[in-house]
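# Breakdown of the fold
Now for the letters of each chain:
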Amino acid sequence: MNTFKQRAISARGIAVNFLILTLTINMIFIFGATAFVFADSTGTVNAEEGLYIRTGAGTSYDDLDCLPFGTVVTIKGEATASDGVKWYHVSTSYGGGYTGYVCSYYITVGTGSGNSSSTGHDVSYSTDADFEEYLTAQEFPESYKPYLRSLHASYPNWRFIAMHTGLDWTEVIYRETHPVSRSLVPNSWSDSWKSREAAAFDAATGKYYIFDSGGYVAANSYGVAYYMDPRNNLGAETIFQFMSNKFDASTQTLAGVQAIADGTYLASRKPGGDYASYAELIYDVGKATGVNPLTIASMLIVEQGTSGGTDSISGVCPGYEGYYNFFHIGAYASGGRSAQENGLIYAKSKGWDSPYKSILGGAEIYANNYVYNNKSTLYFKKYNVMNGMSNVGTGQYMTAIYGAATEGKMMAEGYQGLLNGGISFEIPVYENMPASACPLPTTIDIPPREESNNSGGSSSSSSSSSSSESSKQTPAPATPTISSGSYKVGTNITGVPAGTTVSSLVSNMAITNGTAKVVDAGGKEVASGSVVGTGVIVKVYDSTGAEKSSYPVVIKGDNNGDGKVNSADALRTQRHSIGSLTLSGAALAASDINGDGKYNSADALLMQRFSIGTYTISW
């Protein structure tokens, strides 16, 4: 096995690590995260467990109801909570109709209604003869054009490229769902998303077979078709799953590279040779290799940090003087040598004796393995449909059907500040597609929500019982203690796996001389069936009902408190490492995956690898 493949233990995740972590993080760092939705945009709930709609912007406000995954909302405005998080003011017809606030992260803007108004804009399209001629020349189907016209009205410099797969739509959907383990959804989702084929569902027990950790089951053809249909993903955010990472001189400029480099080692140092700046070098490398130079610049910052303080690029490491490895290719610990030393051994074997040679060599490897292997977008890395029908469903980087759409939204957040520039999107077109966008699977069999003030959990009922008997206790009740054979109880409670429910957490702890309940940061009790996230608190009470101690829960990798480990957590870790976000307390503790006491890109990469199944976190 060659050195690059050995280092690329995250090969499946490099699409996420390089394209999302690098470009997104650095662009957020530079340009900020300003919203770009408009009044009366349409959005869809993307939270797997459902999403609370509240009376105000923030978790301290009362909830009106829990909106199930896939619920369509109309966005009326925005508000910022006290913690700086953006919330949408929305209305929805679900449950008889509600108007309230939802956390923006869990809303995918631009999907749901199946018409041009769902794209997240309120800018009217005036007929543009040149644009209409372009759409026709690209041979976009008529059913794509309303969405593209709406996007063009708001972003006239965006370029939409029709990628004609030549594949039959029905056959593609069949291959993406057979074998049934090829495309998955969380078991917590409505039955309308799940396959009931014999290989996916046990009719005798009424249970779905689990195919991946975290309770993932087979998706049915309706769910796969919904996410694969490009027309459902042509909103102002979801379209970024189609963003091209190929070089395009008309949309990628030296000024754009300089903007990313500003404030980092790429701006403060000189590369030597014929180049006055790293920005100039990187732009030329992008042009030579056919890779978006903005992506290359972001990758170099993430690999080496904003200060560029590693010996991999110092050129003075003893024994390897004059050699550079900017991309950390081949940098893995083995043979009694450090990752850095092995990386420099690789650089020496390749003759990378200048910054230019190192950056050019790394970019060539990236181009050959990804950008020019017909997997140049997030969508094509999730759905391998540009390499012939025989390869459909193979060599894909994730099984969750919503992966590309979710990550596309994160990519969109990273492109703030560049939205008015020319951005290219490679949008797939299939043969024999339905006349209109595939609909959201009908939401059926959604169990009633457990109210947080009536969880039904054993801890809640025990606490209530203790309070009612408090008058019979002595003035000095015994001090309660908490212990667990499954978790480590110290200042925090650690060792809790992602996906653990409140009822499971409580059942794996022993409370002596008292009771316990699980509450959120605002002190509100968390329902027994809810998934535990970092930052929830286990409160311990004595027999009179008096609180005696509290223990924040830390789930390794989950630093945003949603109980999952994915790209969102990795992004927060990276932002903390470059100073654009400050993590503290349980969130900071959750960010140290490798146990080295640091919180940086190494931990972020492990989070990404865990999310796609190429790394196992030791809880």
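Rules of the game
Residue numbers run consecutively from 1 along every chain, following the written order of its sequence. Only residues with pLDDT of at least 70 get local features here, since the model is predicted, and only at 80 or more are side-chain atom pairs given and counted; chain-wide, interface and lining totals rely on the full set of residues. Computation of side-chain values covers all heavy atoms of the structure but excludes hydrogens and water. Numbering of helices and strands runs from the N terminus; a helix is a DSSP stretch of H or I covering at least four residues, while a strand is a stretch of E covering at least two. Remark: exposure states derive from per-residue accessible area (1.4 Å probe, protein chains only) relative to the maximum for the residue type, with buried under 20%, exposed over 50%, and partly exposed in between. Note on contacts: a residue pair qualifies if any of its non-hydrogen atoms lie within 4.5 Å across the two residues. Note on areas: Shrake-Rupley, 1.4 Å probe, and residue coverage restricted to the protein chains presented here. In this analysis, strands are considered paired if DSSP registers two or more bridges between them. For every residue, the predictor reports its confidence as pLDDT, a number between 0 and 100. Any two rings among Phe, Tyr and Trp, with Trp reduced to its six-membered ring, count as a pair given centres within 6.5 Å; such a pair is stacked if its planes are under 30 degrees apart, edge-to-face if over 60, and tilted if neither. Two conditions define a charge located above a ring, namely a distance within 6 Å from the ring centre to NZ of Lys or CZ of Arg, and an angle within 35 degrees of the ring normal.

### Some remarks on the overall build of the chain
Along the chain, the regular secondary structure elements total 19 helices and 20 strands. Going through the 619 residues of the chain one by one, you find that 53% of them count as buried. Long-range pairs, those at least 24 residues apart, make up 69% of the contacts in the chain with a sequence separation of at least 6. Carbon and sulfur atoms form 48% of the exposed surface of the chain, whose accessible area is close to 24700 Å².

### With respect to the pairing of strand β4 (residues 72-80)
By the bridge criterion, four bridges tie strand β1 (residues 41-45) to β4 in an arrangement that is antiparallel. Of the residues in β4, the one forming a bridge with Thr 44 is Val 72. Pairing analysis gives six bridges linking β4 to strand β5 (residues 86-92), with the strands arranged antiparallel. Within β5, the residue paired with Thr 74 across the bridge is Ser 91.

### Considering unusual backbone geometry
Following His 178, the chain continues into Pro 179 via a peptide bond in cis, with omega recorded as 5°. Even without a glycine there, the phi angle at His 328 is positive, about 60°. Residue position: His 328 is located in the loop between α10 (293-304) and α11 (339-350). Judged by relative accessible area, which is 14%, His 328 ranks as buried.

### Observations regarding the confidence of the model for the chain
The pLDDT averaged across the chain works out to 80; a share of 82% of its residues lies at or above 70. Confidence, expressed as mean pLDDT per element, reaches its minimum in the chain at helix α15 (residues 458-468) with 30 and its maximum at helix α9 (residues 278-289) with 96. Under a pLDDT of 50 for its full length, residues 1-36 has, in the predicted model, 114 contacts with residues more than four places off or in other chains. In this model, residues 443-475 is a region of pLDDT below 50 whose contacts with residues beyond four sequence positions or in other chains number 45 contacts.

### Focus: the packing of aromatic side chains
Following the criterion strictly, the structure yields 24 aromatic pairs and no others. Taken together, a centroid distance of 6.0 Å and an interplanar angle of 35° make the contact between Phe 140 and Tyr 144 tilted. Both residues of the pair, Phe 140 and Tyr 144, belong to the buried class. Taking 5.9 Å as the distance between ring centres and 50° as the angle between the ring planes, the aromatic pair formed by Tyr 278 and Phe 326 counts as tilted. A residue pair is termed long-range when its members are at least 10 positions apart, and Tyr 278 in helix α9 and Phe 326 in the loop between α10 and α11 qualify at 48 residues. Joined through ring pairs, the aromatic side chains of Phe 131, Tyr 155, Trp 158, Phe 160, Phe 240 and Phe 425 make up one cluster. Here Arg 196 stacks its cationic end above the ring of Phe 201, 4.6 Å away from the centre of that ring.

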